[in-house]
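Structural description and commentary
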Amino acid sequence: METLTPTRPPALAEARRLVVKIGSALLVDRETGALRSDWLASMVADVARIKARGTDVILVSSGSIALGRGVLGLGQGALSLDEAQAAAAVGQIRLARAYEEALAPHGITAAQILLTLDDSGDRRRYLNTRATMAALLARGAVPIVNENDTIATDEIRYGDNDRLAAQVAAMAAADVCVLLSDVDGLYTANPRLDPSARHLPVIEAITPEIEAMAGDAGSGLSKGGMKTKVMAARTATAAGCAMAIAKGETMHPLTALEQGARTTWFTATLDPQAARKRWISAMKPRGTLRLDAGAVAALGRGKSLLPAGVTAVTGAFKRGDPVMLEGPDGGALGLGLSRYDAAETRAIAGHRSDEIGAILGYPGRAALVHRDDMAL
């Protein structure tokens, strides 16, 4: 993957994996609480066109509470936690159905993924979610991601889908993330209050001055203001993903963005894989895997580590923990995230991948450490 440079705004047409965040105010009519089906159809048409040129697309969509509250007669006022979760339970069904029906005419399968902050904070859940997304994308599906509002409480919430989208972009190794919202980017001040505010088309570094410019730009249906969008940009760009804040109210909003609609781009100077490897290399290992010469040679060719190539296991580690990879002579090769815990790893070490199910009593993944989860 080519490294994104800060000398020009990234081009959406160059994206290999795209995350698009859709705010509630775009998807749900403010007055009636009804789905804006015409807008959704136009946005999905953009997605189908982008997918047709070989780009993976993940949608992070708000809207479940906004769709469900009207059905339950909860009005437009503030909701208690139990009311919000009840609305989400009703709205998630409608939201998933809306995407399924919108994508079906294009021959695209919709998949629903519900997350909480705990899911990205726990390495085991993180790896599970990452693997699920990869499997869906490999089969041409479009994952529709939303916060699991039916069970999330304050201590395990993202709280807004801007930051959720950035975390999903990092998790999925996306190279472009677009936040479709009711604003067209970052200004030097809140343009609704200061007519002299200047629009900033490209931001190469998120400085304290940039953070100070981020005022509240939320609407009645959305929770994320400009401050959360800048926080999202920090997460995305650190993971090697360029991020855009774009106004999404127009029909075919992604086409408008490609055609030069006003937006703010936050650039990334590393590609997603390089950023992920840097993140892994900074971890403290919880154990060690010693490899035979054949496994070392395979890693050198860019292959994943299979159990058959492991000759010794030390340490007490859990699934998703970092482990040191050593050659036959004990020399350090790098770090990787283990797909099995220490006990499981000891049991399958030296065995072929097709023997894992019989040894552990359940089917497992063929790779002990996937090549995308290594920093050599």
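Further up the page is the structure itself.
Figured I'd write up the structure that's included with this text.

**Quick word on the sheet that holds strand β12 (residues 310-315)**
Read from one edge to the other, the open sheet built from five strands follows the order β12-β11-β13-β14-β15, with strand pairing classed as mixed. In this open sheet, the two edge strands, each paired with only one partner strand, are β12 and β15 (374-375). Pairing of strand β11 (residues 287-291) with strand β13 (residues 322-326) involves three bridges; the strand directions are parallel. The residue of β13 that forms the bridge with R290 is E326.

**Considering the sheet that holds strand β10 (residues 263-266)**
Strand order in the open sheet formed by eight strands is β3-β4-β2-β1-β5-β9-β10-β8, with mixed pairing between adjacent strands. The sheet terminates laterally at β3 (110-115) and β8 (202-203), the two strands that pair on one side only. Relative to strand β9 (residues 242-247), strand β5 (residues 176-181) runs parallel, the two being bridged by six bridges. Across the sheet, residue V178 finds its bridge partner in β9, namely A244. Contacting β1 (17-22), β2 (56-61), β3 and β4 (142-147), helix α6 (residues 123-138) crosses the sheet at an angle of about 170 degrees to β3.

**Side note on the nonpolar core**
Among the nonpolar cores identified, the biggest contains 41 residues, and V19, V145, V168, M243 and F266 are the most heavily contacted of them. Those elements giving two or more residues to this core turn out to be β2, β3, α6, α7 (161-171), β5, α9 (226-238), β9 and β14 (332-337). Of all the elements, α7 adds the most residues to this core, at six residues. Non-local contacts of V145, meaning those with residues more than four positions away in its chain, are made with I58, L59, V60, S61, I113, L115, M133, L164 and V168. Counting 36 residues, the second-largest nonpolar core is a separate cluster that includes L40, L59, A66 and L257.

Parameters and conventions
Residues numbered from 1 in each chain as written. Predicted model: local features only at pLDDT ≥ 70, side-chain atom pairs only at ≥ 80, totals over all residues. Heavy atoms only, no water. Pairing = 2+ DSSP bridges. Helix = DSSP H or I, 4+ residues; strand = E, 2+ residues; numbered from the N terminus. Contact = heavy atoms within 4.5 Å. Axes fitted to C-alpha atoms, helices over the stretch in contact; angles between N-to-C directions. Core = buried A, V, L, I, M, F, W, Y, C linked by side-chain atoms within 4.5 Å. Buried < 20%, exposed > 50% of the residue type's maximum accessible area, 1.4 Å probe, protein only.

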